[in-house]
Amino acid sequence: TGARSRRFFGSGLVTAVGPAHLRQRRMLQPVFHHAVIGNFAAIITECAAEMIGHWRDGAIVDVHEEMLAVSQRTTARALLGEEADRVVERFRAAVTTRRRYQEYLLGSALPFADSLPTSARRDYARAHREIDEIVANGVAWRRTATAPGGDLLSLLVHARYDDGSGMSDEQISDEVRTLSLAGYETVAEALSWSWYLLAGAEDSESAVWAEVDGVATVEGGIGIPELARLPWCRMVLAESMRLYPPTWLFVRVAQTDDVLPSGVFIAAGSKIYLSQWVMHRNPRHFPDPNRFDPRRFAPEAIASRPRFTYLPFGAGRRLCIGEE
C-alpha cells in the first residue's frame, strides 16, 4: 500500500506523486547523471576485489548472499564517502536488519504482522533509529561545506530545486532510505540471476570472459571508459533482466477516466497492474521466450522491437532514476 511504502521509504522520490514527483525528480536528476556515477567506479572495483579476495578454489559460495553483500557495501561507501569504516559497517548492519524485516512482512500470512510486538519489529525500530542518526550526523557536517564532496550524501545535501532551495534534513533522510535499500537489492538480484544463467550457457560465459580479458588491465581494472568496449556483458545483463526482472510488477493508478488502446474502459482511481515478467516473455517480441539468448539485445534486435516491450526499469515519467 501507499502507506506502507511511505513507512519504509518516507516521502521521497519513490512515493511522491504528481507535481511533487516531477519537482523532486528534476532536482535529483543531476545527482544520477552517468558522469557523476562514473566517479564511483573505483569504489565498485574495490568492493568487487575485496569480495573475490575471500573466495577460495573449491569452496561453496552462496552467490545471492555475496551479491547482496557486495552491492550493499558499494552503495554504503558511495553514500557515506569518507565516513569512518565503523560508521559504514553500522549503517550496513542496520540496512540489513531493515531488509529482513520487510521480507518478514511480505512473507507473513498474518494480516497485521507489522502491528505485533515481535523481536523482528523491535530490531527494525532500532535499525531505523540507527540509520536516521548516521544520516543526520552526516548531513550536519556536510552542510558546513561550501561545495559538495564526492559522495552521494554530500550531493543530496547540495542539490537545489529550480528556485535555489535545497532539501530539508527529513527529505534527504527519505531519499537515503530509498537508495540504501532499493538501490542495492535490485542490483544484487540482477547480478545473481546473471551468474545463474551464465552457468548454464557455456558459449555466453566464454564470450564474457574473452571480452573482459580483452579490456581489463592489471593496473587499473575496468572503469567507466571501458564499458563501451563490453557490449556482450551489457547484452548478457539485459537478457538476464528480461527473464528475471528485479522488479517484476508495478502498479499505476488512473488519474482520470480513460480508454486503453485495446478499447478497455478504465475508471478514475482504478489500479492497473503491469508485469514485466509477463511482458518480457511475450513470444511475439521474444521468440522462444524462455531461452537465454543475449543476442536479443544486439543493437539491430533492439531496433526491431516496439519501444515498451522491455522495461525492467519501468517507463514514462516514473522511469527508475537509477537506470544508468
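The sections below set out a description of the structure shown in this document. Computed from a predicted structure; not experimentally measured. (Residues numbered from 1 in each chain as written. Predicted model: local features only at pLDDT ≥ 70, side-chain atom pairs only at ≥ 80, totals over all residues. Heavy atoms only, no water.)

## Description of the state of the cysteines
Consideration 1: Scanning all chains against the criterion turns up 0 disulfides.
Consideration 2: Just so you know, C233 is unpaired, no disulfide at all, and the nearest cysteine sulfur is the one on C47, 19 Å from it. (Disulfide = S-S within 2.5 Å.)

## What about the pattern of salt bridges?
Consideration 1: Counted by the stated rule, this structure contains 14 salt bridges.
Consideration 2: Taking the shortest distance from any N to any O, the salt bridge between D163 and R23 comes out at 3.6 Å. Within this pair, whereas D163 is found in the loop between α8 (152-158) and α9 (169-199), its partner R23 is found in helix α2 (residues 18-28), the two being separated by 140 residues in sequence.
Consideration 3: Judged by its relative accessible area of 40%, R23 falls in the partly exposed class.
Consideration 4: In this structure, E239 engages R296 in a salt bridge whose closest nitrogen and oxygen atoms are separated by 3.0 Å. Of the two residues, E239 sits in helix α12 (residues 231-243) while R296 sits in the loop between α13 (276-279) and α14 (299-303), which places them 57 residues apart along the sequence.
Consideration 5: We classify R296 as buried; its relative accessible area is 7%.
Consideration 6: Each of the salt bridges in this network shares a partner with another, and the network as a whole consists of D288, R291, D293 and R295. (Salt bridge = Lys/Arg side-chain N within 4 Å of Asp/Glu carboxyl O. Helix = DSSP H or I, 4+ residues; strand = E, 2+ residues; numbered from the N terminus. Buried < 20%, exposed > 50% of the residue type's maximum accessible area, 1.4 Å probe, protein only.)

## Structural notes on the side chain of T74
Consideration 1: Tracing the backbone shows T74 in helix α5 (residues 63-80).
Consideration 2: Looking at T74, the relative accessible area reads 14%, which means it is buried.
Consideration 3: A distance of 2.8 Å separates a polar atom in the side chain of T74 from the backbone oxygen of V70.
Consideration 4: Apart from residues no more than four positions distant in its own chain, T74 is found in contact with I43, I44 and C47. (Polar contact = N/O pair within 3.5 Å; in protein donor to acceptor, adjacent residues only side chain to side chain. Contact = heavy atoms within 4.5 Å.)

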